[in-house]
Amino acid sequence: MTVAGWLQIAAVFGAVLVAAWPLGHYMARVFQGEGTWGTRYIQPVERVFYKLAGVNTAKEQTWLAYTLAMLAFNGVGFLSLYALMRMQAVLPLNPKEFAGVAPDLAYNTAVSFVTNTNWQAYSGETTMGHLVQMAGLTVHNFLSAATGIALAIAVTRAFARSSVTTLGNFWVDMTRATLYVLLPLSVLLAALFALSGVPQTLSAGIDVTTLEGVKQTISLGPVASQEAIKQLGTNGGGFFNANSAHPFENPNAWSNMLSIWSMLLVSSALTFTFGRMVGDIRQGTVLLIAMWALLIVAVGVEYQAETAGNPLLVQAGLDAVGGNMEGKEVRFGQAMTAMYVAVTTGLSCGAVNAMHNSLTPLGGLVPLFLIQLGEILPGGTGSGLYGMLVMAVLTVFIAGLMVGRTPEYLGKKIEAREMKLAMLAVLVLPLAILGFTAVAAMLPKALESLANSGPRGLTELLYAYSSATGNNGSAFAGLNANTPWFNTTLGISMMLGRFAYVIPVMAIAGSLAAKKKVAPSPGTFPTRGVLFIGLLIGVILILGGLQYFPALALGPIVEHFLMHAGKTF
Amino acid sequence: MSKATSPPLFDKALVRQAIVDAFIKLSPTKLVRNPVMFVTGVVAALVTLLFVRDLSMHRDGLLFTGQIAVWLWFTVLFANFAEAIAEGRGKAQADALRRTRSDTPAKLMLHPDDSRDDPWEAKNAFELQVGDVVLVEAGDTIPADGEVLEGIASVNESAVTGESAPVIRESGGDRSAVTGGTVVLSDWIKVRVTAAAGSSFLDRMIALVEGAERQKTPNELALSILLSGMTLIFLIAVTTLWGFAGYSGTVLSVTVLVALLVTLIPTTIGGLLSAIGIAGMDRLVRFNVVATSGRAVEAAGDVDVLLLDKTGTITYGNRLATEFIPAPGITATDVAAAALLSSIADETPEGRSIVALAKSAYGQTEPATSAGKAHFVPFSAQTRISGIDVGGRSIRKGAVDAVLKGVGTTMADAPRAFREAVETISRSGGTPLAVAEGNKLLGVIHLKDVVKPDIKQRFAALRAMGIRTVMVTGDNPITAAAIASEAGVDDYIAEATPQDKLAYIKAEQAKGRLVAMCGDGTNDAPALAQADVGVAMQTGTQAAREAGNMVDLDSNPTKLIEVTEIGKQLLMTRGSLTTFSIANDVAKYFAIIPALFLVTYPELSALNVMHLGTPQSAILSAVIFNALIIISLIPLALKGIAYRPVGAAALLRRNLLIYGVGGLLVPFIGIKIIDVIVTALHLA
């Protein structure tokens with residue numbers, strides 16, 4: 001680790017903070033229907049959409065109506081995306097004339113993009129034509145992120161309001177998230193990416209003759225625009241298979257920092273939106289501090305593990321200075337790779353700028369564990385906030401009793417109904433992650449897909465199901481996931497992780513919104529101080545993470561000790 | 001106030017009964033009420049079956065499997081024991097109450113509208129219906145809760161209050177309610193039964209402390225859901241571990257997986273949860289307060305606003321002497337001496353306070369007067385004067401105009417300083433008493449409503465806990481304001497009517513606050529019903545007692561404060577033990593995980609930070625610790641954790657340090673110690 005490395009890390013976090021603060025306030029204004037600088041230009045467009053769709057903007061929805069609208073919208077999105085992929089051979093804008101996508105892969109990919117996972121069991125440049133990339137995948141990069149924001153806003157309203165049955169209007173929130181937040185930011189970001197050297201063209205690629213005299217096709221496409229929303233919406237599905245390690249997606253140190261910054265931006269800003277909407281900005285700030293505290297520790301562990309490198313190679317006289325550079329891009333360096341790895345998994349983004357399978361055991365443990373904690377550090381666009389709020393509710397429930405009052409969070413009593421729903425939500429993650437991994441670990445057919453044996457192989461499996469369930473989408477690699485078994489089970493994991501999680505969360509929101517907001521007093525459990533941050537972190541680690549400890553012990557942890565004992569796999 | 005009397009935690013007879021009950025509670029139908037313990041019981045049975053199988057097939061590792069099975073059963077039994085002992089303590093209280101009302105005869109009036117001498121029929125108390133009218137004469141036990149229709153009687157209510165002084169019960173007004181099981185000492189009353197046998201006040205109280213009718217309170221239910229959810233999560237983690245282990249080339253036995261499961265699921269709090277609830281209810285009963293539901297006890301912990309009656313709670317209720325102001329030409333000491341002498345035989349609280357003040361503040365000593373030489377003039381409503389004639393001196397004290405008349409003057413002719421003193425006292429809400437000797441006016445005694453000395457600190461403590469205190473008084477606003485500021489309450493309602501109270505409660509509730517109050521009159525009933533915690537006085541009317549959700553058997557309004565504290569203590573105990581239980585899991589992983597995979601991955605022994613002897617001893621020690629921690633925390637669960645009236649932040653810091661950090665560290669130490677013992681005894 002170097003001082004310069006830490007300064008780079010600090011600079012990116014600082015830049016995020018500077019932008020997230022105004023963005024958070026801006027989003028609060030947008031979703032509370034207050035005027036902003038863009039209203040004048042965007043509102044006419046917005047009205048056209050409502051008119052076309054017949055949406056009555058004044059009519060708010062109950063939690064159930066809101067959730068059903070979200071599910072219907074995503075269902076239609078899934079079907080249309082599936083159809084688009086299956087039929088791409090007969091559709092235009094397919095310069096490389098790719099065939100229709102296989103059913104299991106199309107299913108997996110459609111689920112993946114609808115759930116904001118962007119797990120890619122395919123190689124983009126050799127499977128998907130421009131139409132699928134632009135009208136299908138990129139559109140869903142926007143819509144899935146906007147869905148996340150809308151849900152987070154609905155949950156936020158549950159805490160902000162008192163004794164009401166409605167949480168807002170899904171169609172309005174969805175439209176505003178897209179038009180007021182994601183689109184303008186994406187345009188700006190695409191321009192910045194293009195400036196830093198990311199290509200933006202509709203041509204298929206360039207045929208060149210290499211120095212060896214071999215003909216090679218260098219794939220091109222509308223990369224900058226897709227890159228923008230991929231990072232911003234914590235999607236992570238790259239235009240190229242190599243994702244952000246590819247020189248066209250992420251050409252230099254500057255674009256790399258821009259990538260990390262844009263990943264962190266919206267999720268971080270939403271905590272301020274939350275604080276502002278519940279009428280106490282500090283309530284949002286403490287959530288952000290808890291998220292970032294764990295994230296920064298993760299960056300540190302990652303950075304340390306990778307710069308320490310592999311002792312076996314060090315003993316062999318290799319790699320002593322740079323640490324473990326296998327699978328990393330020299331242009332990013334250790335610090336910015338470590339930060340990228342931690343952020344992309346703390347965030348459910350899943351874009352990668354290094355080969356995660358080449359990380360040291362502990363270096364691989366960090367992203368895996370961050371995903372398993374529930375993608376809340378600071379988590380996916382929107383989904384991070386509502387996931388964190390579930391943790392906050394659990395924290396308040398467990399620790400809140402210690403001050404001698406029945407638990408309340410932001411003036412809302414947390415009672416049996418909320419606990420029932422919260423437990424339903426948090427059960428989904430271990431069920432899908434551990435359940436599917438355990439089955440796959442015993443299934444010879446599944447094991448054929450593994451590149452490595454021993455603990456590393458187990459890590460590859462665990463990572464795949466964690467990534468899918470957490471809607472992260474990054475791959476540890478080393479696992480050939482494009483098989484019917486993995487396409488199907490990973491698809492199910494993605495749906496469970498998104499919808500089976502958010503439905504109970506929305507039910508909690510409905511139940512909380514209906515409750516009276518209790519005025520705070522000195523006897524109220526304090527949720528705006530250091531103690532609460534510490535407790536929240538404790539609950540995230542113990543309640544959110546402890547159940548994965550046995551699995552992790554048999555994967556990356558034992559591999560770490562084995563590596564130091566001189567065994568490799 | 002009868003202080004909370006607490007029997008020893010582990011009375012021999014109670015423990016014996018609790019041990020028996022612990023086994024009875026192993027019945028699956030009883031165990032299923034507690035999901036965590038049910039799971040523990042099921043896996044204990046499973047391991048026992050495996051042990052029997054291994055025994056019949058002469059397999060290896062019998063000692064290990066057998067010991068695990070035994071300790072798993074102990075875990076369940078300890079939890080059952082905790083619940084049984086809590087119930088037993090409640091039962092002991094209830095049995096004493098029950099004795100008072102078995103087979104009570106009743107005299108059912110056949111024509112209730114006629115006079116007392118009408119015929120009645122002998123019935124058993126159990127046969128009475130609501131609306132029946134019974135005659136209760138001197139020496140009879142009142143057969144059921146009811147309302148006095150006719151007559152007046154003195155009643156011994158010590159069966160429910162513990163107070164032996166009889167009380168008057170008469171028809172109409174606020175003293176018309178009688179309680180089944182109490183005894184009429186003199187005269188007779190006709191009582192209309194208001195509660196059928198089995199649902200009377202006493203029955204409800206017995207049912208609550210016995211636990212027979214006990215239902216989970218709302219927060220207890222929510223916590224059970226959390227614990228069940230955690231049990232499921234760890235069930236997933238342990239079941240899938242079997243798959244991961246298979247992949248890694250380790251075959252894990254069911255016994256070790258069960259051991260891991262049971263140590264991870266929250267058995268500590270799961271085992272103590274109901275004991276904590278019962279003990280909280282029991283603590284309330286020991287304070288002579290009966291709650292009609294467990295929900296009310298929890299609500300007491302959440303109270304934001306306390307409506308307190310001024311008289312008896314904030315002030316002593318009696319006017320006490322605070323100052324002697326001399327007339328011109330007289331010293332204060334002289335006034336004090338004369339006042340003391342005149343009050344020697346005055347046994348009223350006012351008289352006693354005059355004696356006390358003269359002695360303490362004016363250095364007077366009681367003169368040696370014998371009853372023979374002195375002639376005492378008692379106070380009468382006609383003269384409004386009392387006094388003493390002794391050794392040729394004739395001292396009188398009493399109402400100012402009456403005393404002035406006695407010395408042959410009027411207020412207008414009295415010295416100016418005297419007049420001013422009298423006016424000042426009246427204006428401040430106090431009462432002036434004039435003192436004269438013969439024809440000479442000596443001065444004036446200032447009697448005032450004295451605020452209890454420690455009440456201000458108490459209110460400050462309540463404020464720190466986030467509870468606002470509101471004084472309710474019939475005094476005029478000026479007097480009320482003076483006392484309110486002296487007592488340090490946050491707000492007051494002067495010239496309060498029951499409607500004012502009701503309106504105040506509704507306004508506070510609209511702001512999202514929970515309100516507690518106490519009351520006794522029938523006209524308090526709407527407010528008692530409206531309040532989130534309504535404590536009715538035992539001496540109050542039946543209507544008031546029905547409206548409230550608690551009844552104070554001592555009729556002491558100060559207890560509202562204790563009631564909130566008991567509610568808070570109950571919730572704190574629950575929260576702290578939950579935190580402790582969850583924090584314990586970290587150490588158990590470090591004990592068991594390396595032990596499970598020592599054969600496949602000896603390198604994992606790096607995680608064996610406690611340096612436990614062998615894999616078997618590590619697993620066994622964790623299971624033993626898990627069982628023993630339940631039994632060692634029973635006293636804490638029954639007594640409740642130490643309570644301090646400080647703010648939420650300070651409470652949290654303190655409890656988090658003890659139960660959170662302690663919960664992380666204690667098992668590391670405990671498991672290590674047990675492991676040393678287990679290894680030394682060659683148990684594994």
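Just so it is clear, the model here is predicted, and its values are computed rather than measured. (Residues numbered from 1 in each chain as written. Chains lettered and ligands numbered in written order. Predicted model: local features only at pLDDT ≥ 70, side-chain atom pairs only at ≥ 80, totals over all residues. Heavy atoms only, no water.)

Asks: Requested: an account of the overall build of chain A, with residues and values cited.
Replies: Check the secondary structure of chain A and you find 20 helices and six strands. Since a compact globule built from 569 residues should have a radius of gyration of about 25 Å, the 23 Å found for chain A is in line with a globular shape. For chain A, the spread of C-alpha atoms along the principal axes amounts to about 75 × 55 × 45 Å. For chain A, the centre of its 29 positive side-chain charges and the centre of its 24 negative side-chain charges are spaced 15 Å apart. (Helix = DSSP H or I, 4+ residues; strand = E, 2+ residues; numbered from the N terminus. Rg over C-alpha atoms; globule rule 2.2 N^0.38 Å. Lys, Arg positive; Asp, Glu negative; His and termini not counted. Charge placed at Lys NZ, Arg CZ, Asp CG, Glu CD.)

Asks: Please provide a residue-by-residue account of the overall build of chain B, values included.
Replies: Within chain B one finds 24 helices and 20 strands. Its C-alpha radius of gyration of 33 Å places chain B more than 25% over the 26 Å reference for a compact globule of 684 residues. Expressed as lengths along the three principal axes of its C-alpha atoms, the size of chain B is roughly 115 × 65 × 55 Å. Counting across all 684 residues of chain B, residues that qualify as buried make up 55%. Of the accessible surface of chain B, which amounts to about 27000 Å², a share of 60% is contributed by carbon and sulfur atoms. (Buried < 20%, exposed > 50% of the residue type's maximum accessible area, 1.4 Å probe, protein only. Areas by Shrake-Rupley, 256 points an atom, 1.4 Å probe, with all protein chains shown as cover.)

Asks: So what's going on with the pattern of salt bridges? Residues and values would help.
Replies: Applying the stated criterion to the full structure yields 41 salt bridges over all chains. The shortest N-O distance in the salt bridge between Lys 515 of chain A and Glu 415 of chain A comes to 2.6 Å. Taken as a pair, Lys 515 of chain A in the loop between helix H18 (484-513) and helix H19 (530-545) and Glu 415 of chain A in the loop between strand E6 (412-413) and helix H15 (416-442) lie far apart in primary sequence, 100 residues in all. For Lys 310 of chain B, the salt bridge identified is with Asp 449 of chain B, shortest N-O distance 2.6 Å. Here the residue Lys 310 of chain B occupies a position in helix H11 (residues 310-314), and Asp 449 of chain B occupies one in strand E15 (residues 440-451), the gap between them amounting to 139 residues. (Salt bridge = Lys/Arg side-chain N within 4 Å of Asp/Glu carboxyl O.)

Asks: Talk me through the interface of chain B and chain A; I want residue IDs and the actual numbers.
Replies: Think of interface size as the accessible area that goes away when the parts come together; that is how it is often given. Contacts between the two partners involve 64 residues from chain B, matched on the other side by 62 residues from chain A. In total, chain B and chain A occlude about 5100 Å² of area from one another, counting both sides; carbon and sulfur atoms represent 79% of this. Looking only at chain B, the three residues that lose the most surface to chain A are Phe 244, Tyr 247 and Leu 652 of chain B, adding up to 15% of its buried area. Salt-bridge contacts for Asp 304 of chain B lead to Arg 405 of chain A; the nearest nitrogen and oxygen are separated by 3.1 Å. Put simply, chain B and chain A have 13 residue pairs in polar contact (both at pLDDT 80 or more) between them. Among the secondary structure elements, those contributing two or more residues to the side of chain B that touches chain A are helix H7 (218-248), helix H10 (294-302), helix H16 (455-464), helix H18 (498-510), helix H21 (559-583), helix H22 (585-596) and helix H24 (648-680) of chain B. The biggest single contributor to the side of chain B that touches chain A is H7 of chain B, with 23 residues. Its residues placed into classes, the side of chain B that touches chain A shows 38 nonpolar, 16 polar and 10 charged. (Contact = heavy atoms within 4.5 Å. Buried area = accessible area lost by both parts, 1.4 Å probe. Polar contact = N/O pair within 3.5 Å; in protein donor to acceptor, adjacent residues only side chain to side chain. Nonpolar A, V, L, I, M, F, W, Y, C, P; charged D, E, K, R; others polar.)

Asks: I'd like to hear about the environment of Ala 650 of chain B, residue by residue, with values.
Replies: If you trace the backbone, Ala 650 of chain B turns up in helix H24. The spacing of Ala 650 of chain B and Leu 636 of chain B is 14 residues in sequence and 21 Å in space, taken between C-alpha atoms.

Asks: Outline unusual backbone geometry, listing residues and values.
Replies: A cis amide bond, omega -5°, links Leu 377 of chain A with the succeeding residue Pro 378 of chain A. By secondary structure assignment, the location of Pro 378 of chain A is in the loop between helix H13 (361-372) and helix H14 (383-400). One non-glycine residue, Leu 410 of chain A, lies in positive phi territory at about 55°. With respect to the helices and strands, Leu 410 of chain A occurs in the loop between strand E5 (408-409) and E6. Even without being glycine, His 682 of chain B reaches a positive phi, approximately 55°.

Asks: An account of the nonpolar core is requested, with residue identities and associated values reported.
Replies: Grouped together as the largest cluster of nonpolar side chains are 321 residues, with contacts concentrated most on Phe 159, Leu 264, Met 339, Leu 394 and Tyr 409 of chain A together with Met 550 of chain B. Residues from two domains meet in this core; each of domain 1 (3-205 + 217-279) and domain 2 (283-564) of chain A gives at least three. Dropping the residues within four chain positions of it, Met 339 of chain A is found in contact with Ile 9, Val 12, Phe 13, Ile 260, Leu 264 and Val 299 of chain A. Counting residues in hydrophobic clusters, the runner-up holds 24 residues, among them Phe 324, Leu 357, Val 390 and Ile 395 of chain B. (Core = buried A, V, L, I, M, F, W, Y, C linked by side-chain atoms within 4.5 Å. Domains from an automatic or database assignment.)

Asks: Describe the packing of aromatic side chains, with residues and values.
Replies: All names here are of chain A. Taken as a whole and judged by the stated rule, the model has 26 aromatic pairs over all chains. Judged by centre distance (5.9 Å) and plane angle (20°), the ring pair of Tyr 26 and Trp 37 falls under stacked. Taken together, the positions of Tyr 26 in helix H1 (residues 3-31) and Trp 37 in the loop between H1 and helix H2 (39-53) put the pair 11 residues apart, joining distant regions of the chain. On the basis of relative accessibility, which here comes to 11%, the residue Tyr 26 falls in the buried class. Arranged with centres 6.2 Å apart and planes meeting at 25°, the rings of Phe 78 and Tyr 82 form a pair that is stacked. Remark: Tyr 82 and Phe 78 occur in helix H3 (residues 63-86); sequence separation between them is four residues, near one turn of the helix. With relative accessibility at 25%, the residue Tyr 82 sits in the partly exposed group. Counting every residue linked through ring pairs, the aromatic cluster contains Phe 159, Phe 274, Tyr 409, Phe 525 and Phe 532. (Phe/Tyr/Trp six-rings, centres within 6.5 Å; stacked < 30°, edge-to-face > 60°.)

Asks: I'd like a description of the packing of helix H3 (residues 35-56) of chain B against helix H9 (residues 267-286) of chain B, backed by residues and values.
Replies: Each pair of packed helices gets described by two things: the angle between the helix axes and the distance between those axes. Residues and elements named next belong to chain B. At their nearest, the axes of H3 and H9 sit 8 Å apart, and the two run at 120° to each other. For the element pair H3 / H9, the angle class is oblique. For the crossing formed where H3 meets H9, the hand is left-handed. Here Val 36, Met 37 and Thr 40 of H3 come into contact with H9, specifically with Thr 267, Gly 270 and Gly 271. Residue composition of the contact of H3 with H9, by class: two nonpolar, four polar and no charged. (Axes fitted to C-alpha atoms, helices over the stretch in contact; angles between N-to-C directions. Parallel < 35°, antiparallel > 145°, perpendicular 65-115°, else oblique. Left-handed = near helix turned anticlockwise from the far one by under 90°.)

Asks: Could you give an account of the sheet that holds strand E9 (residues 305-309) of chain B, naming the residues involved and the relevant values?
Replies: Residues and elements named next belong to chain B. A sheet is described by the order of its strands in space; here seven strands give the open sequence E8-E20-E19-E18-E9-E16-E17, paired in mixed fashion. Whereas interior strands pair on both sides, the edge strands pair on one side only; in this sheet they are strand E8 (289-291) and strand E17 (491-493). Going from strand to strand, the sheet's axes swing by 20° on average, the running direction of each strand aside. Bridging between E9 and strand E18 (residues 515-519) involves three bridges; their strand directions are parallel. Each residue of the ladder has a partner; that of Leu 306, found in E18, is Ala 516. (Pairing = 2+ DSSP bridges.)

Asks: Could you give an account of the side chain of Thr 573 of chain B, with specific residues and numbers?
Replies: Tracing the chain through its elements places Thr 573 of chain B in helix H21. Those residues in contact with Thr 573 of chain B that sit more than four places away from it in its chain are Ile 276, Leu 636, Ala 637, Gly 640 and Ile 641 of chain B.

Asks: Would you mind going over the domain arrangement of chain A in detail, with residue names and values included?
Replies: Residue and element names in this part refer to chain A. If you check the domain split of chain A, you get domain 1 (3-205 + 217-279) and domain 2 (283-564). Distance from the C-alpha centre of domain 1 to the C-alpha centre of domain 2: 21 Å. At the junction of the two partners, domain 1 supplies 78 residues and domain 2 supplies 77 residues. Both sides of the domain 1 and domain 2 interface together cover about 6100 Å² of buried area, and 73% of this is carbon and sulfur. For the interface between domain 1 and domain 2, the tally reads 25 residue pairs in polar contact (both at pLDDT 80 or more). If you list the elements that add at least two residues to the side of domain 1 that touches domain 2, you get H1, H3, helix H4 (103-114), helix H6 (130-160), helix H8 (223-232) and helix H9 (253-277). Here the residues of the side of domain 1 that touches domain 2 sort into 42 nonpolar, 33 polar and three charged.

Asks: Could you give me a rundown of a nonpolar patch on the surface, with the residues and numbers involved?
Replies: Residue and element names in this part refer to chain B. On the surface, Leu 657, Ile 658, Val 661, Leu 664, Leu 665, Ile 669, Ile 673, Ile 677 and Leu 681 cluster together into a nonpolar patch covering about 820 Å² of accessible area. Mapping Leu 681 onto the fold places it in the segment after H24. A relative accessible area of 55% means that Leu 681 is categorised as exposed. (Patch = residues over 30% accessible without salt bridge, like charges linked within 9 Å, V, L, I, M, F, W, Y side chains within 5 Å.)

Asks: Lay out helix H12 (residues 333-346) of chain A in plain terms, naming residues and giving numbers.
Replies: Along its 14 residues, H12 of chain A runs 20 Å from first to last C-alpha, staying within 8% of the 20 Å computed at 1.5 Å per residue. At the C-terminal side of H12 of chain A, Ser 348 of chain A shows a positive phi close to 60°. (Expected span 1.5 Å × (residues − 1).)

Asks: Please set out the confidence of the model for chain B residue by residue, giving values where relevant.
Replies: Averaged over every residue, the pLDDT of chain B is 85; the share at 70 or more is 91%. Scored as a whole, the predicted complex attains pTM 0.86, and scored at its interfaces, ipTM 0.93. (pLDDT = per-residue confidence, 0-100.)

Asks: Hey, could you go over the packing of H2 of chain A against helix H7 (residues 170-195) of chain A for me, with residue numbers and the actual values?
Replies: All names here are of chain A. The contact between H2 and H7 brings their axes to 11 Å, and the two run at 135°. What the angle tells us is that H2 and H7 run oblique. Considering how the two elements wind past one another, H2 and H7 form a crossing that is right-handed. Across the interface between the two elements, Thr 39, Ile 42, Gln 43, Val 45, Glu 46, Phe 49 and Tyr 50 from H2 touch Trp 171, Val 172, Thr 175, Arg 176, Leu 179 and Tyr 180 from H7. By residue class, the composition of the contact of H2 with H7 is eight nonpolar, three polar and two charged.

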